[in-house]
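Structural overview
Chain by chain, the residues:
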Amino acid sequence: MREDRDVTDQPATRHLLRRLFGWLVTLVLVTVVLVPAAALANVLYYAHQQDHAVTDTSIVLGAAQFWGKPSPVLESRLAHAAGLYQDQVTPHITTVGGKKTGDKTTEAQAGRAWLIDQGIPRSHLTAVPVGHDTLTSLEAAAHVMQAKHWTSATIVTDPVHEARSMAMARALGIDAHGSPTQQGAGSAVTLDYVVRETGGLLYFWLVERRHVTQVVSP
């Protein structure tokens, strides 16, 4: 009887092993192929989206500035945010970004000064001079939004950088809407930029996201 049972159990064991192997292969395919493909699709999708829903503020993500003068990339972002303000998409503009060692001012302050020069009222501008990367800058902006009882924001940055920025903003509880720059420095959708931001979005999904706490409450 034992021999008969062992013979009967062998096909069942082999079937179970095949099923487990199949699940393992599927998991590997999802991780190695489908997840990166989804990240790439997100990067390309948000790069070409213009969401003009009215929000509490726009958030202009920082880029280099030189002794208070915005770099061409930062100036493109600021000009786009100014256009959204003039079109009444956002009644307020929030600039973000800290400074590097040796800088006399921050990206946020340089951006605010540039917008004032363009005629945007000071009372409609907020500089959040904190953050050395996208996530820390958005975290700081989210805390300011919570204090002001704002819940929605239009995220202004380069087209290829938009998907990762949107993912981070939404993880922080911001009702985020994307409006990337349409012209000027940083607005080109280049292969190297797409590859870099796809990797960055993957890293956020798989690693950073678990450490992000919602800041803005509905």
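A brief report on the enclosed structure follows. Only a predicted model underlies this, so the values are computations on that prediction, with no experimental measurement involved.

Overview of the overall build of the chain
- A tally of helices and strands in the chain yields six helices and seven strands.
- Put simply, the chain runs from its N terminus to its C terminus through helices and strands in the order α-β-β-β-α-β-α-β-α-β-α-β-α.
- Across the 218 residues of the chain, 42% fall into the buried class.
- Sequence separation of 24 or more characterises 71% of the internal contacts of the chain that already satisfy a separation of 6 or more.
- Counting only carbon and sulfur atoms, one obtains 58% of the accessible surface of the chain, whose full area is about 11900 Å².

Overview of the pattern of salt bridges
- The full count for this structure, using the stated rule, is two salt bridges.
- Across the pair Asp158 and Arg77 runs a salt bridge, and its minimum N-O distance is 3.0 Å. On the criterion of sequence distance, the pair formed by Asp158 in the loop between strand S6 (152-156) and helix H5 (162-171) and Arg77 in helix H2 (residues 72-86) is long-range, its members being 81 residues apart. Each member of the pair, Asp158 as well as Arg77, carries the same accessibility label: buried.
- With a shortest N-O distance of 2.8 Å, Glu197 and Arg164 are connected by a salt bridge. Of this pair, Glu197 sits in helix H6 (residues 191-206) while Arg164 sits in helix H5, and the two are 33 residues apart along the sequence.
- By relative accessible area, which is 5% here, Glu197 ends up buried.
- The buried category is assigned to Arg164, whose relative accessible area is 17%.

Observations regarding the pairing of strand S5 (residues 125-128)
- When strand S4 (residues 93-96) meets S5, the two strands line up parallel, connected through four bridges. Considered in S5, the bridge of Thr94 is made with Thr126.
- Chirality of the crossover, the property in question, places the unit of S4, helix H3 (residues 107-117) and S5 among those that are right-handed.

Brief notes about the layout of surface pockets
- Empty space within the largest pocket amounts to approximately 470 Å³.
- Lining the largest pocket are 25 residues, with Gly62, Ala63, Ala64, Glu107 and His132 positioned closest to its centre.
- For the lining of the largest pocket, the elements supplying multiple residues, two or more each, are strand S2 (65-66), H2, helix H4 (134-148) and H6.
- With three residues, H6 is the largest single contributor of residues to the lining of the largest pocket.

Some thoughts on the nonpolar core
- By size, the foremost hydrophobic cluster in this structure holds 33 residues, and its most contacted members are Ile59, Leu138, Met145, Ile155 and Ile174.
- Among the elements of the structure, helix H1 (2-47), H4, S6, H5 and H6 are those that each provide at least two residues to this core.
- No other element matches the six residues that H4 contributes to this core.
- Within the second largest apolar cluster, 15 residues are counted, among which are Ala63, Ala81, Tyr85 and Leu125.

Considerations on the pairing of S6
- With five of five residues buried, S6 lies mostly within the body of the structure.
- Residues of S6 alternate between two faces, with Ser152, Thr154 and Val156 on one and Ala153 and Ile155 on the opposite face, all of them buried.
- By the bridge criterion, four bridges tie strand S1 (residues 57-60) to S6 in an arrangement that is parallel. Its bridge partner lying in S6, Ile59 is registered against Ile155.
- Bridge count between S6 and strand S7 (residues 175-178): four bridges; the pairing is parallel. Note that in S7 the partner of Ala153 across the bridge is Ala176.

Looking at the packing of H4 against H5
- Running from amino to carboxyl end, H4 crosses H5 at an angle of 40°, the nearest separation of the two axes being 10 Å. Classified by the angle between their axes, H4 and H5 sit oblique to one another. Considering how the two elements wind past one another, H4 and H5 form a crossing that is right-handed. Residues Thr134, Leu135 and Leu138 of H4 touch H5, and the partners they reach there are Arg164, Ser165, Met168 and Ala169.
- Here the contact of H4 with H5 is composed, by residue class, of four nonpolar, two polar and one charged.

Cut-offs applied
- Residues numbered from 1 in each chain as written.
- Predicted model: local features only at pLDDT ≥ 70, side-chain atom pairs only at ≥ 80, totals over all residues.
- Heavy atoms only, no water.
- Helix = DSSP H or I, 4+ residues; strand = E, 2+ residues; numbered from the N terminus.
- Buried < 20%, exposed > 50% of the residue type's maximum accessible area, 1.4 Å probe, protein only.
- Contact = heavy atoms within 4.5 Å.
- Areas by Shrake-Rupley, 256 points an atom, 1.4 Å probe, with all protein chains shown as cover.
- Salt bridge = Lys/Arg side-chain N within 4 Å of Asp/Glu carboxyl O.
- Pairing = 2+ DSSP bridges.
- Right-handed = clockwise from strand over helix to strand, strands pointing away.
- 1 Å grid on protein atoms, 1.4 Å probe; cavity = no way out; pocket = protein on both sides within 12 Å on 5 of 7 lines; lining within 4 Å.
- Points joined across faces, edges and corners; volume = space filled by probe spheres on them.
- Core = buried A, V, L, I, M, F, W, Y, C linked by side-chain atoms within 4.5 Å.
- Axes fitted to C-alpha atoms, helices over the stretch in contact; angles between N-to-C directions.
- Parallel < 35°, antiparallel > 145°, perpendicular 65-115°, else oblique.
- Left-handed = near helix turned anticlockwise from the far one by under 90°.
- Nonpolar A, V, L, I, M, F, W, Y, C, P; charged D, E, K, R; others polar.

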